[in-house]
Amino acid sequence: MRAPVIFSGHGSPMIALENNEITAGMETVGRNVIAEYGKPKAILAISAHWYTEGTYTQSAVNPRQVYDMYGFPEELYQVKYPVTGDPGLTNRIQAVLGGLVSIDDSWGIDHGTWTVLVHMFPKADIPVVQLSVDSTRKAEECWQIGQKLSALREEGYLIFGSGNVVHNLRRVEWDNPDGTEMTHAFNDYIVDAVKTGVRDKVIHYTDGPEAAYAVPTPEHYLPLVYCLGVADGNKAHVFNNVCNLGSMAMTGFIWG
């Protein structure tokens, strides 16, 4: 059985400490994966917060937990998610991507990954290896890399992308529990495209309504494109179709 593919919105790092409808959605996804597929051999995580010139992955046996956020309550910096790496997964990533990928252990497991996985797989007993989001590649090339990675699903590896369909920090409305009309317009457009399998709309997202507002920079959006490539035509199910802070969409998808 092919392992599933998950994309999740992560939004504010404080999600790691929260207990609400969004974290409940994350918890449900994790429980369902374990119930239906069993525990994944390891997780390949593609986080918006490892945004590099070139494509990199990790080989560390015990990757450090990266607290790559500033100015938050001390309680957040005490959250521990002590996963191991997985040399077997690292080797397979290198095998399927070949010269497209290099090893870089200067990073680690960042908050784009652990603030979500602490809810989905709270035992921290599934090894995690991150893959960077390559800033030098167009969205279609990211989708093609995802296509190459889809082979790993046959081997029991879960591919997990973390970012946001809509992410505009400059336009955040801290007192707004919902999204703006622009946020909803773009999020609805992408949700419909993913659910109906219209790949080109997801890849060529700049043609979508209010795209410049929704995706002013691509790093939080591109993990979705990688995941779409990995999904390889599987039907998507939506979870956490929620917009908040005015200019954020927490929408998630699972394929499998």
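Please refer to the structure higher up on the page.
Residues numbered from 1 in each chain as written. Predicted model: local features only at pLDDT ≥ 70, side-chain atom pairs only at ≥ 80, totals over all residues. Heavy atoms only, no water.

(A) Geometry of the overall build of the protein chain. For the protein chain, the count of helices and strands is nine helices and 10 strands. For a compact globule of 256 residues, the expected C-alpha radius of gyration is about 18 Å, and the protein chain comes in at 17 Å, within 12% of that figure. Judged by the C-alpha coordinates and their principal axes, the protein chain covers about 45 × 40 × 35 Å. Counting all 256 residues of the protein chain, 57% fall into the buried class. Nonlocal contacts in the protein chain, meaning residues at least 24 apart in sequence, comprise 82% of its contacts between residues at least 6 apart. Of the roughly 10600 Å² of accessible surface on the protein chain, a fraction of 49% belongs to carbon and sulfur atoms. Of the side-chain charges in the protein chain, 18 are positive and 29 negative, and the distance between the mean point of each set is 7 Å. (Helix = DSSP H or I, 4+ residues; strand = E, 2+ residues; numbered from the N terminus. Rg over C-alpha atoms; globule rule 2.2 N^0.38 Å. Buried < 20%, exposed > 50% of the residue type's maximum accessible area, 1.4 Å probe, protein only. Contact = heavy atoms within 4.5 Å. Areas by Shrake-Rupley, 256 points an atom, 1.4 Å probe, with all protein chains shown as cover. Lys, Arg positive; Asp, Glu negative; His and termini not counted. Charge placed at Lys NZ, Arg CZ, Asp CG, Glu CD.)

(B) Region of interest: the packing of aromatic side chains. In the structure shown here, the tally under the stated rule is seven aromatic pairs. Arranged with centres 6.2 Å apart and planes meeting at 45 degrees, the rings of Tyr67 and Tyr77 form a pair that is tilted. Pair noted here: Tyr67 is in the loop between strand S3 (55-57) and helix H2 (74-77) and Tyr77 is in helix H2, with a separation of 10 residues, a long-range link. For the ring pair Phe186 and Tyr189, a centre distance of 6.5 Å and an interplane angle of 35 degrees mean the geometry is tilted. Linking Phe186 with Tyr189, this pair stays in helix H6 (residues 181-196), spanning three residues, or about one helical turn. Above the face of the Trp143 ring, Arg199 is positioned so that its terminal group lies 4.3 Å from the ring centre. (Phe/Tyr/Trp six-rings, centres within 6.5 Å; stacked < 30°, edge-to-face > 60°. Lys NZ or Arg CZ within 6 Å of the ring centre and 35° of its normal.)

(C) Inspection of helix H4 (residues 111-120) at higher detail. Of all 10 residues in H4, 10 are buried; the element is thus mostly enclosed. The distance from a side-chain oxygen at the start of H4 to the backbone nitrogen of Gly112 is 2.9 Å, and the residue carrying that oxygen is Asp110. (Polar contact = N/O pair within 3.5 Å; in protein donor to acceptor, adjacent residues only side chain to side chain.)

(D) The arrangement of the pattern of salt bridges in detail. Summed over the entire model, instances satisfying the criterion amount to six salt bridges. Note that Arg92 and Glu155 form a salt bridge whose closest N and O atoms lie 2.7 Å from each other. Placement of Arg92 in helix H3 (residues 87-97) and of Glu155 in the loop between helix H5 (139-149) and strand S6 (157-163) is noted, with a sequence separation of 63 residues between them. Between Asp134 and Arg137 there is a salt bridge, with the nearest N and O atoms lying 3.1 Å from each other. When its relative accessible area of 2% is taken as the criterion, Asp134 is described as buried. Here Arg137 falls in the partly exposed class, since its relative accessible area comes to 23%. One connected set of salt bridges, linked through shared partners, spans Arg2, Glu154 and Asp232. (Salt bridge = Lys/Arg side-chain N within 4 Å of Asp/Glu carboxyl O.)

(E) Expanded view of unusual backbone geometry. Positive phi, normally seen in glycine, also occurs at Asp232, with a value near 55 degrees. Within the element layout of this structure, Asp232 appears in the loop between helix H9 (222-231) and strand S7 (236-239). With a phi angle near 50 degrees, Asn240 is a residue other than glycine that sits in the positive phi range.

(F) Seen up close, the side chain of Asp134. Counting through the fold element by element, Asp134 comes out in strand S5 (residues 128-134). Here the side chain of Asp134 touches Thr136 through a polar contact of 2.7 Å, side chain to side chain. Once residues lying within four places of it in the same chain are set aside, the contact partners of Asp134 are Thr52, Glu53, Gly54, Thr55 and Tyr226.

(G) View of the packing of H5 against H9. For the pair H5 and H9, interaxial distance at closest approach is 6 Å and the crossing angle is 40 degrees. Taken together, H5 and H9 sit at an angle that is classed as oblique. The handedness of the crossing between H5 and H9 comes out as right-handed. Along the contact surface, H5 presents Ala139, Cys142, Trp143, Ile145, Gly146, Gln147 and Leu149, while H9 presents Leu222, Val225, Tyr226, Leu228, Gly229 and Val230. (Axes fitted to C-alpha atoms, helices over the stretch in contact; angles between N-to-C directions. Parallel < 35°, antiparallel > 145°, perpendicular 65-115°, else oblique. Left-handed = near helix turned anticlockwise from the far one by under 90°.)

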